[in-house]
Amino acid sequence: MATKILSVDDSRTIRLIVGKAFKPYDCTLVEAGNGEEGLAVAAREKPDLIILDVTMPVMDGVTMLTKLKEDAELKAIPVIMLTAESGRENVLQIARLGVRDYLVKPFKEDQLIEKAGRCVTLVKRAAAPATPVVPAA
Amino acid sequence: MQPPPDISQYKELARRYGLGPTPESVSRLTALVARQDADVDEIVRVIEKDPGLSARLLRVANPHAENEDEYTVGTVEAALLRNGIGCALLLAMGTPLSLALIKTFKTMLSLDLEAVDTHQLDSLTGPHMRGSIGFAGKVTGHVYLRMSLASAKTVAAGILGITPEEVGGNDEVSDVIGELSNIMTGNFKSNLCDAGLDCKLQPPKVGLSENFSTPIEPGGGIERLAFRAGAIHIFVEVTANPWND
């Protein structure tokens, strides 16, 4: 079964980059544009991993992470923070909430894959055949 | 002497998460901005360790000089006395911003962005993209990121891993410029917070501009930066009141 990844970021650009990073792997990507949507999608989809931004409108990533860890059904889902904010206080606060890993923007796709691979099993998609397979008559 | 518990804990987390250390020049300069009681000798010593900042300060102190031979203010100390400490602190804020933008381009576009004097690039004429983010707290100001529509499209394509022809409309370009502004200013804000200047970022605003005149914070000033990577020309302005008064 495909690994389900939830990307929560108000930037469509970042969600696209995250999607591109996981494209070679057998993963299903679900998305949310803020923490409130992220909680709803997490409850509905039960992802295997959440990639979470900090600064977002409506509900920020720290509030979402706090609520996620208070929810008995969701608290075991590993979370990787993906944010431009790497200030000492931010990192300490987020670590105390129980984040699995932390990646600072700007980032390379392979850095994200390396960190995700420590949280969930990532299986490369089978390469597409060079020529179309024609069903036997 | 043992570091405070938070510092030790942070160092351990930074090691575990693979967070890179803040460049020494950035720590030194943001610490200087955060200090309100540094004397002139101390500020001179810190600025003189940074050749780029020293050169910018001297240039500002000699506004009518065409080149260094025409400088009438020739030392960092004389430039500080002429322009005031606030001006030097504002210029010091440009260093972390520059490094954050250069790192972003290197990491996400594999492009070497070169910091240049603003007068080395032609001013942006006609409609162009402008991203801006405000920061407010113990220090208040705005960061502006501006580039031509063609540059913005090239940058968007590079970040999204597609060709410029495949980039959708201005919404897609705007989102990329907003995120670039967010990454650059987020890194900058982290440096300010670590130096004791706690502040929060406002959401990025992106739009088309024409004949834009950068608004300056009350009692503050502006630092203008310019960058080039081939045909991509980028202008960054930071406006702030370093003393937030």
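Check the entry above for the structure.
To start, this report covers the structure provided alongside it. Just so you know, these numbers come straight off a predicted model, no measurement behind them. (Residues numbered from 1 in each chain as written. Chains lettered and ligands numbered in written order. Predicted model: local features only at pLDDT ≥ 70, side-chain atom pairs only at ≥ 80, totals over all residues.)

Let's talk about the overall build of chain B
And then number 1: Scanning chain B from terminus to terminus reveals eight helices and seven strands.
And then number 2: Taking 18 Å as the expected radius of gyration for a compact globule of 245 residues, we find that chain B reaches 19 Å, a close match to that expectation.
And then number 3: Each of the three principal axes of chain B carries a C-alpha extent, and together these read 55 × 50 × 30 Å.
And then number 4: Taking contacts inside chain B between residues at least 6 apart in sequence as the whole, the part at least 24 apart equals 67%. (Helix = DSSP H or I, 4+ residues; strand = E, 2+ residues; numbered from the N terminus. Rg over C-alpha atoms; globule rule 2.2 N^0.38 Å. Contact = placed C-beta atoms within 7 Å.)

Concerning the nonpolar core
And then number 1: With 100 residues, the main nonpolar core has M81 of chain A together with L97 and V236 of chain B as its most contacted residues.
And then number 2: Residue contributions to this core peak at eleven residues, all from helix α6 (residues 85-109) of chain B.
And then number 3: Setting aside anything within four residues of it in sequence, one finds V236 of chain B in contact with L97, L101, V143, Y144, L145 and L225 of chain B. (Core = buried A, V, L, I, M, F, W, Y, C linked by C-beta atoms within 7 Å. Buried ≥ 20, exposed ≤ 12 C-beta atoms within 10 Å, placed from the backbone.)

Some remarks on the pairing of strand β4 (residues 79-83) of chain A
All names here are of chain A.
And then number 1: Counted residue by residue, β4 has five buried out of five residues, so it is predominantly covered.
And then number 2: Burial of β4 is two-sided: the residues V79, M81 and T83 facing one way and the residues I80 and L82 facing the other way are all buried.
And then number 3: In the sheet, strand β3 (residues 49-52) pairs with β4 via three bridges, with the strands oriented parallel. Within β4, the position partnered with L52 by the bridge is M81.
And then number 4: Note that the unit made of β3, helix α3 (residues 61-70) and β4 has a crossover that is right-handed.
And then number 5: For β4 and strand β5 (residues 101-104), the ladder comprises four bridges, and the chain directions are parallel. By the bridge assignment, M81 is partnered in β5 with Y102.
And then number 6: Crossover β4 to β5 through helix α4 (residues 88-96) is right-handed. (Pairing = 2+ DSSP bridges. Right-handed = clockwise from strand over helix to strand, strands pointing away.)

Looking at the interface of chain A and chain B
And then number 1: Between chain A and chain B, the contact holds 25 residues from the first and 27 residues from the second.
And then number 2: Secondary structure elements with two or more residues in the side of chain A that touches chain B: α1 (12-22), α4 and β5 of chain A.
And then number 3: The residue makeup of the side of chain A that touches chain B, split by class, is eleven nonpolar, six polar and eight charged. (Nonpolar A, V, L, I, M, F, W, Y, C, P; charged D, E, K, R; others polar.)

Some words on the pairing of strand β3 (residues 140-148) of chain B
Residue and element names in this part refer to chain B.
And then number 1: In terms of burial, β3 is a largely internal element, eight of the nine residues being buried.
And then number 2: Where strand β2 (residues 128-137) and β3 come together, eight bridges link them in antiparallel fashion. Its bridge partner being in β3, M129 is matched across the sheet by M147.
And then number 3: Here eight bridges tie β3 to strand β7 (residues 232-241), and the two strands are oriented antiparallel to one another. Within β7, the position partnered with V143 by the bridge is V238.

Brief notes about the sheet that holds β5 of chain A
Residue and element names in this part refer to chain A.
And then number 1: Strand order across the open sheet formed by five strands is β2-β1-β3-β4-β5, with parallel pairing between neighbours. The two strands at the open ends of the sheet, each matched to only one other strand, are β2 (27-32) and β5. Taken over all neighbouring pairs, the strand axes of this sheet differ in orientation by 20 degrees on average, direction set aside. (Axes fitted to C-alpha atoms, helices over the stretch in contact; angles between N-to-C directions.)

Quick notes on the packing of α6 of chain B against helix α8 (residues 170-194) of chain B
Residues and elements named next belong to chain B.
And then number 1: Interaxial distance between α6 and α8 falls to 9 Å at its minimum, and their mutual angle equals 135 degrees. The orientation of α6 relative to α8 falls into the category oblique. Note that α6 runs across α8; the crossing there is right-handed. Residues P96, L97, A100, L101 and T104 of α6 form the contact with α8, whose participating residues are L180, I183, M184, N187, F188 and N191.
And then number 2: Class assignment of the residues belonging to the contact of α6 with α8 gives a composition of eight nonpolar, three polar and no charged. (Parallel < 35°, antiparallel > 145°, perpendicular 65-115°, else oblique. Left-handed = near helix turned anticlockwise from the far one by under 90°.)

Some details on the packing of helix α4 (residues 51-61) of chain B against helix α5 (residues 76-83) of chain B
Residues and elements named next belong to chain B.
And then number 1: At a minimum axis separation of 9 Å, α4 and α5 run at an interaxial angle of 50 degrees. Looking at the two axes, α4 sits oblique to α5. Once α4 is placed against α5, the crossing between them reads as left-handed. In this structure, α4 uses S54, L57, L58, V60 and A61 to contact α5, whose residues at the interface are V76, A79, R82 and N83.
And then number 2: Each residue belonging to the contact of α4 with α5 can be placed in one class, and the counts come to six nonpolar, two polar and one charged.

Examining the environment of C27 of chain A
And then number 1: Relative to the helices and strands, C27 of chain A resides in strand β2.
And then number 2: Taking C-alpha positions, C27 of chain A is 9.0 Å from K124 of chain A, a pair spaced 97 residues apart along the chain.

Description of unusual backbone geometry
And then number 1: Following K105 of chain A, the chain continues to P106 of chain A via a peptide bond in cis, the omega torsion being 5 degrees.
And then number 2: By the secondary structure assignment, P106 of chain A is in the loop between β5 and α5 (109-117).
And then number 3: Positive phi outside glycine occurs at K46 of chain A, with the angle close to 45 degrees.
And then number 4: Structurally, K46 of chain A can be placed in the loop between α2 (35-45) and β3.
And then number 5: Despite not being glycine, S110 of chain B has its phi angle at roughly 50 degrees, a positive value.
And then number 6: Topologically, S110 of chain B is positioned in the loop between α6 and β1 (114-116).

Examining the environment of V116 of chain B
All names here are of chain B.
And then number 1: Inspection of the secondary structure puts V116 in strand β1.
And then number 2: Separated by 109 residues in sequence, V116 and L225 have C-alpha atoms that sit 7.5 Å apart.
And then number 3: Not counting the four nearest positions on each side in its chain, V116 is found in contact with L121, A226, F227 and R228.

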